[in-house]
Amino acid sequence: MDFDLFALIIIVLGVCVALPVLIVWIIAMYKNRGLEAKVRLISTAIEKKPDVNIDELLADLKSKPQLPVGRMLLNRLLAGSICTLAGIAAAYMGSFDEPALQLLGLLCLSIGIGFLINYFVGKAAFKKGELN
């Protein structure tokens, strides 16, 4: 095998150094923006109404709004459809000459089928009234 050492080093540095640093930076920026938004909201509430209860306001901010069940089910249907189709395509392309691609396709296919099963079970439970 003919390895290009420079390309190998660049790939290793990119995957092992740059990618984790980028991920941590993006997560930190996301959390920082959320914190800044909360501070702006609390300061605006205090300016408009000085006798506001800050503990209740913080408790309201901490409670995350839930997705409606219908939206959650549609997201699972979308993810299941995409993963299933990508898995079928990759497994088909991998069946010719690349066993690793075939394995990746089968993995995507199984994840997609799992999402689709979850969608249909959730839909049946929603119709029965078991989900809110």
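Keep in mind that what you see is a predicted model, and the values were worked out from it rather than measured.

> Before we go on, may I ask you to explain the overall build of the protein chain in this structure?
When helices and strands are counted, the protein chain shows four helices and zero strands. Going from N to C terminus, the protein chain has its helices and strands arranged as α-α-α-α. Over its C-alpha atoms the protein chain spans a radius of gyration of 24 Å, topping by over 25% the 14 Å that the globule rule assigns to 132 residues. Its C-alpha atoms give the protein chain principal-axis dimensions of about 75 × 55 × 15 Å. Every one of the 132 residues in the protein chain was classed for burial, and the buried ones make up 12%. Expressed as a percentage of contacts within the protein chain between residues at least 6 apart in sequence, the contacts between residues at least 24 apart total 48%.

> How do you make sense of the environment of Lys 123 when you look at a structure like this?
The topology assignment puts Lys 123 in helix α4 (residues 99-128). Sequence separation of Lys 123 and Leu 74 is 49 residues, and the distance between their C-alpha atoms is 9.7 Å.

> Would you mind showing me how to read the packing of aromatic side chains here?
Between two aromatic rings, the relevant description is the distance of the centres plus the angle of the planes. Applying the stated criterion to the full structure yields one aromatic pair. A ring pair is formed by Tyr 119 and Phe 120, whose centres lie 4.9 Å apart and whose planes are at 65°; its orientation type is edge-to-face. With a relative accessible area of 11%, Tyr 119 lands in the buried category.

> Would you explain the side chain of Thr 84 in this entry?
Within the element layout of this structure, Thr 84 appears in helix α3 (residues 69-97). In this structure Thr 84 touches Cys 108, Leu 109, Gly 112, Ile 113 and Leu 116, once residues within four positions along its chain are discounted.

> Could you clarify how one ought to interpret the state of the cysteines in this entry?
Simply put, the disulfide is a covalent bond whose two ends are the sulfur atoms of two cysteines. Under the definition given, this model contains zero disulfides. Of all cysteine sulfurs in the structure, the one in Cys 108 sits closest to Cys 83, which takes part in no disulfide; the separation is 5.8 Å.

> Help me understand α3, please; the structure alone is not making it clear to me.
Count 3.6 residues to each turn of an α-helix, and residues three or four apart come out pointing the same way. Over its 29 residues, α3 extends 43 Å from the first C-alpha to the last, a length consistent with the 42 Å expected when each residue adds 1.5 Å. Buried residues along α3 sit against α4.

> What exactly am I supposed to notice about the packing of helix α1 (residues 5-48) against helix α2 (residues 54-62) here?
Between two packed helices, both the angle of their axes relative to each other and the distance between the axes serve to describe the pair. Packing of α1 against α2 brings their axes to within 11 Å, and their N-to-C directions diverge by 145°. Of the two elements, α1 crosses α2, and the hand of that crossing is right-handed. Between α1 and α2, the contacting residues are Lys 38, Leu 41, Ile 42, Ala 45 and Ile 46 on the first element and Ile 54, Leu 57, Leu 58 and Leu 61 on the second. Here the contact of α1 with α2 is built from residues that sort into eight nonpolar, no polar and one charged.

> Where do I start with a nonpolar patch on the surface in this structure?
Together, Ile 11, Val 15, Leu 19, Leu 22, Ile 23, Trp 25, Ile 26, Ile 27 and Met 29 line one region of the surface with nonpolar side chains, adding up to about 840 Å² of accessible area. Here Met 29 lies in helix α1.

Scoring rules and cut-offs
- Counting of residues starts from 1 at the beginning of each chain's written sequence and follows it residue by residue.
- In keeping with the predicted nature of the model, local features appear solely for residues at pLDDT of at least 70, side-chain atom pairs appear and are counted solely at 80 or more, and the whole-chain, interface and lining totals rest on all residues.
- To get the side-chain values, take all heavy atoms of the structure and skip hydrogens and water.
- By the criteria applied, helices consist of DSSP H or I runs no shorter than four residues and strands consist of E runs no shorter than two, each listed in order from the N terminus.
- Here the radius of gyration uses the C-alpha set of atoms, whereas the globule reference equals 2.2 Å times the residue count to the power 0.38.
- Residue burial is assigned from relative accessible area. The probe radius is 1.4 Å, only protein chains are included, and a residue is buried under 20% of its type maximum, exposed over 50%, and partly exposed in between.
- Working rule for contacts: check all heavy atoms of both residues, and any pair within 4.5 Å makes them a contact.
- In summary, the pairing rule links any two rings of Phe, Tyr or Trp, Trp by its six-membered ring, whose centres are within 6.5 Å, and it sorts them by plane angle into stacked for under 30 degrees, edge-to-face for over 60 and tilted for everything else.
- Any pair of cysteine sulfurs within 2.5 Å is marked as a disulfide.
- Here a helix's expected span is defined as the number of its residues, less one, multiplied by 1.5 Å.
- Fitted lines through C-alpha atoms serve as axes, helices being fitted only where they are in contact, and the angles separating the N-to-C directions of these axes extend from 0 to 180 degrees.
- Handedness of a crossing follows from how the near helix is turned relative to the far one, being left-handed for an anticlockwise turn of less than a right angle and right-handed for a clockwise one.
- The classification used treats Ala, Val, Leu, Ile, Met, Phe, Trp, Tyr, Cys and Pro as nonpolar, Asp, Glu, Lys and Arg as charged, and all other residues, Gly among them, as polar.
- Note that patches include only residues with greater than 30% relative accessible area and no salt bridge, and the join distances are 9 Å for like charges and 5 Å for nonpolar side chains (Val, Leu, Ile, Met, Phe, Trp, Tyr).
- For the accessible areas, the method is Shrake-Rupley and the probe is 1.4 Å, while residue cover comes only from the protein chains on display.
- Here, a salt bridge means any side-chain nitrogen of Lys or Arg that lies within 4 Å of a carboxyl oxygen of Asp or Glu.

Scope: geometric values only; no functional claims are made or implied.
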